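So you can see what is in the structure, the chains are spelled out below.
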There are 2 protein chains.
Amino acid sequence: MSFTEFPSKLLENAVNEFASLPGVGRKTAFRLVMNLLRRDSDDVKRFGESIIKLHGEIHYCKICNNISDTEICNICNDEKREKTVICVVESIQDVMAIENTRQFKGIYHVLGGIISPIDGIGPSDLKIDSLEEKVKAGGINEIIFALSTTMEGDTTNYYLYKRLSKYTIILTTLARGVAIGDELEYTDEITLGRAINNRNPYQQT
Amino acid sequence: MSFTEFPSKLLENAVNEFASLPGVGRKTAFRLVMNLLRRDSDDVKRFGESIIKLHGEIHYCKICNNISDTEICNICNDEKREKTVICVVESIQDVMAIENTRQFKGIYHVLGGIISPIDGIGPSDLKIDSLEEKVKAGGINEIIFALSTTMEGDTTNYYLYKRLSKYTIILTTLARGVAIGDELEYTDEITLGRAINNRNPYQQT
């Protein structure tokens, strides 16, 4: 079924909006809109308003660039977090992924992307200047590079290293190695090679 | 990555709303919301408003129950359509599918579902009374049952037949047979059996 003609312009508009989302085709968009049509009007109004509020009311933390309902995010505002350790990540999703481990007690710095010449993203498109300013201002002991283990991630790591190595701070990256639950047979050779070179003393946990 | 903690309540609300759609999980919902966040605020506002307008401004045609921007839909309002032939369909999607064939010149009657005891849908949940009233009022020559070829569709066809056969109108159903482009080898036996029994004189097209 193609949708050459819609019985309603309002319906068509809503379908077009949903179809503009990544991975949502016109058939799926139509199915989603039909689902909304079957709901209570309060329900649908709340749905629409939650989208409108996204842009009107959401903030990006002035310190770490994380998403927030306030000017300074909960993490930067938390007195218990170690402000001397900054974990540099690509995106808000990565902040959430690390927060979910409940292992990190420092604060974050969200770059807003990684250096990717193919996509036309250079260092000036990312929040790198503000990171260097934080370091320059002092009070930072350690910067953790927590970027993807891709070529773009490695490039960004290297660029950050070049910018920050002149300051007297510790620069670290996430440990690379065999993931928990992985079988050695199916681990790629680069990961396995690094895991052998960076082997750790055996600890019973 | 699970989402136990969101950095923003507004973000969480939007993700929850998207995740309430059929076939959209929390990860997908989050990806969709992040896509919206990266867009212009005008764009996002239009998206949200298109959803709110769905309930506030969309009508269901008073005659055929089809979706419409006006009280009477374009099809029922069209003077060129034959008002004596009513095609009974399950849903608005089916109206659109038949309209796209450009083969039908009559009008529609949308039942809003089919009889399905398993889902708790009985005749009184569907727009069957209003269909009978239309027939009773006169001026109808033919009712076409254009329902799914499922057990529920057959049940509904039978119920409609029982309700409408006492009136002097023609009751028809869609032709069943081998679909265009189908190979006989892979056609199910019931379809093939009906196609043989209901064979037509050969016509060169």
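The rules behind each value
- Residues numbered from 1 in each chain as written.
- Chains lettered and ligands numbered in written order.
- Predicted model: local features only at pLDDT ≥ 70, side-chain atom pairs only at ≥ 80, totals over all residues.
- Heavy atoms only, no water.
- Helix = DSSP H or I, 4+ residues; strand = E, 2+ residues; numbered from the N terminus.
- Rg over C-alpha atoms; globule rule 2.2 N^0.38 Å.
- Buried < 20%, exposed > 50% of the residue type's maximum accessible area, 1.4 Å probe, protein only.
- Contact = heavy atoms within 4.5 Å.
- Areas by Shrake-Rupley, 256 points an atom, 1.4 Å probe, with all protein chains shown as cover.
- Lys, Arg positive; Asp, Glu negative; His and termini not counted.
- Charge placed at Lys NZ, Arg CZ, Asp CG, Glu CD.
- Pairing = 2+ DSSP bridges.
- Right-handed = clockwise from strand over helix to strand, strands pointing away.
- Buried area = accessible area lost by both parts, 1.4 Å probe.
- Salt bridge = Lys/Arg side-chain N within 4 Å of Asp/Glu carboxyl O.
- Nonpolar A, V, L, I, M, F, W, Y, C, P; charged D, E, K, R; others polar.
- Domains from an automatic or database assignment.
- Least-squares fit on C-alpha atoms with pLDDT ≥ 70 in both.
- Axes fitted to C-alpha atoms, helices over the stretch in contact; angles between N-to-C directions.

1. Digging into the overall build of chain A
Along its length, chain A carries 8 helices and 6 strands. By the compact-globule yardstick of 17 Å for 205 residues, chain A is too spread out, its C-alpha radius of gyration being 22 Å. The principal-axis extents of the C-alpha atoms in chain A amount to approximately 65 × 45 × 40 Å. With 205 residues in all, chain A has 40% of them scored as buried. When contacts within chain A are restricted to residue pairs at least 6 apart in sequence, long-range pairs at least 24 apart make up 46% of them. Split by element, the accessible area of chain A, about 12,100 Å² in all, is 50% carbon and sulfur. The averaged location of the 29 negative side-chain charges in chain A is 3 Å from the averaged location of its 24 positive side-chain charges.

2. What to know about the pairing of strand 6 (residues 170–173) of chain B
Residue and element names in this part refer to chain B. Strand direction decides the pairing type here: strand 5 (residues 142–145) and strand 6, joined by 4 bridges, are parallel. Within strand 6, the position partnered with isoleucine 143 by the bridge is leucine 171. Handedness of the crossover is the feature at issue here: the chain leaves strand 5, passes through helix 7 (residues 151–164), returns alongside strand 6, and the resulting connection is right-handed.

3. Remarks on the interface of chain A and chain B
Opposite the 57 residues of chain A that make contact, chain B presents 57 residues. Around 5,300 Å² of area is buried between chain A and chain B when both sides are counted, 67% of it from carbon and sulfur atoms. In this assembly, chain A and chain B are joined by 2 salt bridges. With a closest N to O distance of 2.8 Å, A:Arg46 and B:Glu17 form a salt bridge. Listing elements by their share of the side of chain A that touches chain B, those giving two or more residues are helix 1 (9–19), helix 2 (26–37), helix 3 (41–57), strand 2 (67–68) and helix 5 (92–101) of chain A. For the side of chain A that touches chain B, the leading source of residues is helix 3 of chain A, giving 15 residues. Of the residues assigned to the side of chain A that touches chain B, the class counts are 28 nonpolar, 15 polar and 14 charged.

4. Things to note about the domain arrangement of chain A
Each assigned domain of chain A is listed here: domain 1 (9–57) and domain 2 (75–204). For domain 1 of chain A and domain 2 of chain A, the distance between their C-alpha centroids amounts to 36 Å.

5. Observations concerning the relation of the copies chain A and chain B
Note: a rotation about an axis with an accompanying shift along it relates these two copies of the chain. For the match of chain A to chain B, the screw axis carries a shift of 0.1 Å, the RMSD comes to 0.2 Å, and the turn is 179°. The superposition operator between the copies reduces to a two-fold rotation axis. Closest to the rotation axis within chain A is the C-alpha of A:Gly48, separated from it by 2.1 Å.

6. Comments concerning the side chain of B:Asn66
You can see B:Asn66 is positioned in the loop between strand 1 (59–60) and strand 2 (67–68). Setting aside residues no more than four positions away along its own chain, B:Asn66 makes contact with A:Pro7, B:His59, B:Tyr60, B:Cys61, B:Cys73, B:Ile75, B:Ile92, B:Val95 and B:Val110.

7. Brief notes about the sheet that holds strand 3 (residues 82–89) of chain B
Residues and elements named next belong to chain B. Across the sheet, 4 strands lie side by side as 4-3-5-6; this open sheet has parallel pairing. Two strands lie at the open edges of the sheet, namely strand 4 (106–110) and strand 6, each paired on one side alone. Put simply, the sheet's adjacent strands are angled 25° from each other on average, direction ignored. The strands touched by helix 5 (residues 92–101) are strand 3 and strand 4; relative to strand 4, the strand with the most contacts, the crossing angle is about 160°. Running over the sheet, helix 7 touches strand 3, strand 5 and strand 6 and is turned about 165° from strand 5.

8. Some details on unusual backbone geometry
Residue and element names in this part refer to chain B. Positive phi values are uncommon outside glycine, yet asparagine 65 reaches one of about 75°. Note that asparagine 65 resides in the loop between strand 1 and strand 2. Exposure remark for asparagine 65: the relative accessible area of 16% places this residue in the buried category. Although it is not a glycine, arginine 102 sits at a positive phi angle of roughly 55°. With respect to the secondary-structure elements, arginine 102 resides in the loop between helix 5 and strand 4. For arginine 102, a relative accessible area of 51% translates into the label exposed.

9. With respect to the sheet that holds strand 4 (residues 106–110) of chain A
All names here are of chain A. Pairing within the open sheet is parallel, and its 4 strands lie in the order 4-3-5-6. Each edge of the open sheet carries a strand with a single partner, namely strand 4 and strand 6 (170–173). Across the sheet, the mean angle from the axis of one strand to that of its neighbour is 25°, orientation sign disregarded. Here 4 bridges tie strand 3 (residues 82–89) to strand 5 (residues 142–145), and the two strands are oriented parallel to one another. Within strand 5, the position partnered with valine 85 by the bridge is glutamate 142. Across the sheet, helix 6 (residues 129–137) touches strand 3, strand 4 and strand 5, and the angle it forms with strand 4 is around 145°.

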